[in-house]
Amino acid sequence: MSILRTVKRGAAVGAVTLAAFSLTPGTAFAQGDPSGPSTKIVGGTPAEQGEFPFMVRLSMGCGGALYAQDIVLTAAHCVDGSGPNTDIQVTGGVVDLDDPAAQKATSTEVLQAPGYDGTGKDWALIKLDKPIDQPTLKIAETNAYDNGEFDIAGWGADQEGGSQQQQLLKAKVPFIDDATCKAAGGSYGNLVEDEELCAGLEPGGVDTCQGDSGGPMFRKDDAGEWLQVGIVSWGEGCARPGKPGVYTEVSHFAADIKTAAGQLGG
Ligand code: ARG
């Protein structure tokens, strides 16, 4: 529980403090250490311009996905609560955050998952002052796609304790079943099985990391269209062996998300 709390607090206040809690003894790899994990998301490669057009970057240091052109789906732990909010800047339509072609919008209202208390229910919606003119990402409405190989993407750290990225990075991670995930011990023992979904490689090396939170985990559906199955939520460190990434199980909340979006006028 303490690790979970620490990770979440660090993420919520943004990139500036991210280096602090990564300095857990024995966990941080020195920059450029060849024995450390390979770089990017962790273990990823740069995404192509337009490859994941629904991806957005949020100014508090999180990711998100366009649920509608004027509604972003992100993590509850990335926002402070529900209500009117004009503090969040949203950047979309680019892989390079400094690209002059970036589309920018500002939050008008935030809806954090009802009942969110730091365990499970890690989703929130952000209403924008204007649409971002990009394709949206459909959310999974059943758990039929909670299996196989998933895509992850984000501008977060490329290694535990690493810096935020200007270029969007991507990687693939396989599904991990709840029993295996719980057996990872520590905070994983408190996995909320209905509400959380795990993914990662047993030997580690590929994962989301600090600053990727709120971004989507997605895959193709049977029709060949992108479908969001997860929201980056937490993990013990990043890409450690036997320590999977934990994602909000989107299908479990699909009906709630739809209702919430309706309340935001989406
Ligand atoms: N809570 C982190 C954030 O706010 C995401 C951590 C994901 N960690 C992981 N090992 N998959 O950015």
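Placed above this text is the structure.
Predicted, not measured: the structure shown is a model, and the values here were computed from it.

1. A few points about the pairing of strand S8 (residues 124-128)
Part 1 of the reasoning: Most of S8 is tucked away: 5 of the 5 residues are buried.
Part 2 of the reasoning: Where burial is concerned, the two faces of S8 agree: the one with Ala124, Ile126 and Leu128 and the one with Leu125 and Lys127 are both buried.
Part 3 of the reasoning: Where strand S4 (residues 71-74) meets S8, 4 bridges bridge the pair, whose relative direction is antiparallel. Bridging across to S8, Ile71 finds its partner in Lys127.

2. Structural notes on the side chain of Asp122
Part 1 of the reasoning: Position of Asp122 among the secondary structure elements: in the loop between strand S7 (103-112) and S8.
Part 2 of the reasoning: Engagement of the side chain of Asp122 in a polar contact is seen with the side chain of His77, the distance being 2.7 Å.

3. Notes on the nonpolar core
Part 1 of the reasoning: By size, the foremost hydrophobic cluster in this structure holds 35 residues, and its most contacted members are Leu58, Val72, Ile88, Val90, Trp123, Leu125 and Ile126.
Part 2 of the reasoning: Among the secondary structure elements, those contributing two or more residues to this core are strand S2 (55-58), strand S3 (62-68), S4, S7, S8 and helix H4 (250-263).
Part 3 of the reasoning: With 6 residues, the single largest contributor to this core is H4.
Part 4 of the reasoning: Within the second largest apolar cluster, 16 residues are counted, among which are Ala140, Val173, Met217 and Leu227.

4. Comments concerning the pairing of S7
Part 1 of the reasoning: Two strands pair when backbone bridges link them, and strand S5 (residues 83-84) and S7 are joined in this way by 2 bridges, in the antiparallel orientation. Bridge pairing links Gly83 to Val110 in S7.
Part 2 of the reasoning: Sheet analysis places S7 next to S8, joined by 5 bridges and oriented antiparallel. Within S8, the position partnered with Gln112 by the bridge is Ala124.

5. Observations regarding the state of the cysteines
Part 1 of the reasoning: Here the structure, examined in full by the defined rule, presents 3 disulfides.
Part 2 of the reasoning: The disulfide partner of Cys62 is Cys78, and the S-S distance across this bridge is 2.1 Å. Disulfide Cys62-Cys78: the torsion about the S-S bond is -85°, which places it as left-handed. Of this pair, Cys62 sits in strand S3 while Cys78 sits in the loop between S4 and S5, and the two are 16 residues apart along the sequence.
Part 3 of the reasoning: Overall, the relative accessible area of 0% leaves Cys62 in the buried class.

Conventions and cut-offs
Residues numbered from 1 in each chain as written. Predicted model: local features only at pLDDT ≥ 70, side-chain atom pairs only at ≥ 80, totals over all residues. Heavy atoms only, no water. Buried < 20%, exposed > 50% of the residue type's maximum accessible area, 1.4 Å probe, protein only. Helix = DSSP H or I, 4+ residues; strand = E, 2+ residues; numbered from the N terminus. Pairing = 2+ DSSP bridges. Polar contact = N/O pair within 3.5 Å; in protein donor to acceptor, adjacent residues only side chain to side chain. Core = buried A, V, L, I, M, F, W, Y, C linked by side-chain atoms within 4.5 Å. Disulfide = S-S within 2.5 Å.

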